[in-house]
Amino acid sequence: MANAQNLLVVGATGAVGQAVLRQGLTEESVARIVAPTRRPLEAGLAGIERVLNPVIDFARLPEEAPWWRVDAVVCTLGTTIRAAGSQAAFAAIDRDLPIAVGRLARAAGAKRYALNSSLGASASGNFYLRAEAEAEQGIIALGFASTTIVRPSLIDTERSEVRPGERFGLLFVHVLRPLIPRRYRAVSPEAIASALLRGVLEGQPGVTIVESEALRTA
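Draft legend 1. Focus on the packing of aromatic side chains. Summed over all chains, the structure comprises four aromatic pairs. When the ring of Phe90 is compared with that of Tyr128, the centres are 5.5 Å apart and the planes differ by 45°; the resulting orientation is tilted. In this pair, Phe90 is assigned in helix α3 (residues 87-107) and Tyr128 in helix α4 (residues 127-141), connecting sequence segments 38 residues apart. By relative accessible area, which is 0% here, Phe90 ends up buried. Relative accessible area serves as the criterion here: at 31%, Tyr128 is assigned to the partly exposed category. Ring geometry for Tyr113 and Phe144: centres 5.3 Å apart, planes at 55°, overall tilted. Here Phe144 lies in the loop between α4 and β6 (146-151) and Tyr113 lies in strand β5 (residues 112-116), a separation of 31 residues in the sequence. The same class applies to Tyr113 as to Phe144, namely buried. Chaining the aromatic ring pairs together yields one cluster made of Phe90, Phe127 and Tyr128. It is Arg106 that lies over the ring of Phe144; its NZ or CZ is 5.7 Å from the centre.

Given below as structure tokens:
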């Protein structure tokens, strides 16, 4: 591992983001985590004294904030078109915001970026998959020394918001799990978080793609 690093974690209130926080705070190689959120993080997180939690409006990123000066970024932002309200609002969160965060952190000196994307992200896919692919390409274009892209299948977790399609999908994959190829099986937030953290802490040069089937043993 590299020397102690400062990490920026965006999406820290989501299932994967929370797992990144928990795991990151157990890493001796992590000096501090900056976790900007729309609402304050809940108290009681082990190691919370190593977390800086600026409460911000993500629609108006504070470009001059000193906390952009980090070594690496872990982005776990994500929503659904239903929750966002429109395709444009979805793209603003899942595509534009990860790129904007990356641009500001890169300008402030960050060298590594890990993005939680999606299985099947492709320029030839449906709107959702195209937006995920565009986020990936936007991050790669920023020129980080190390970029890790994790593409999970369905995330096996309980959410505070209702996602009917995801809930049905999880029920389906649980019942038929032995028959489903590893690539399409649901993965845990902890497995995704582990891959994201490994990406920024190890810092493999260039672009590393972690497909969903590789997360089963993460």
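Draft legend 2. Summary view of the sheet that holds strand β7 (residues 206-211). Ordered by their spatial adjacency, seven strands build an open sheet running β3-β2-β1-β4-β5-β6-β7, and the pairing between neighbours is parallel. One side of each edge strand has no neighbouring strand; the edge strands of this open sheet are β3 (51-52) and β7. One ladder, built from six bridges, connects β6 with β7; its direction is parallel. Residue pairing across strands places Val150 opposite Val210, the latter belonging to β7. Helix-sheet contacts for helix α6 (residues 189-202) involve β1 (5-10), β2 (30-34), β4 (72-75), β5, β6 and β7, and the interaxial angle to β5 is about 165°.

What counts as what
- Residues numbered from 1 in each chain as written.
- Predicted model: local features only at pLDDT ≥ 70, side-chain atom pairs only at ≥ 80, totals over all residues.
- Heavy atoms only, no water.
- Phe/Tyr/Trp six-rings, centres within 6.5 Å; stacked < 30°, edge-to-face > 60°.
- Helix = DSSP H or I, 4+ residues; strand = E, 2+ residues; numbered from the N terminus.
- Buried < 20%, exposed > 50% of the residue type's maximum accessible area, 1.4 Å probe, protein only.
- Lys NZ or Arg CZ within 6 Å of the ring centre and 35° of its normal.
- Pairing = 2+ DSSP bridges.
- Contact = heavy atoms within 4.5 Å.
- Axes fitted to C-alpha atoms, helices over the stretch in contact; angles between N-to-C directions.

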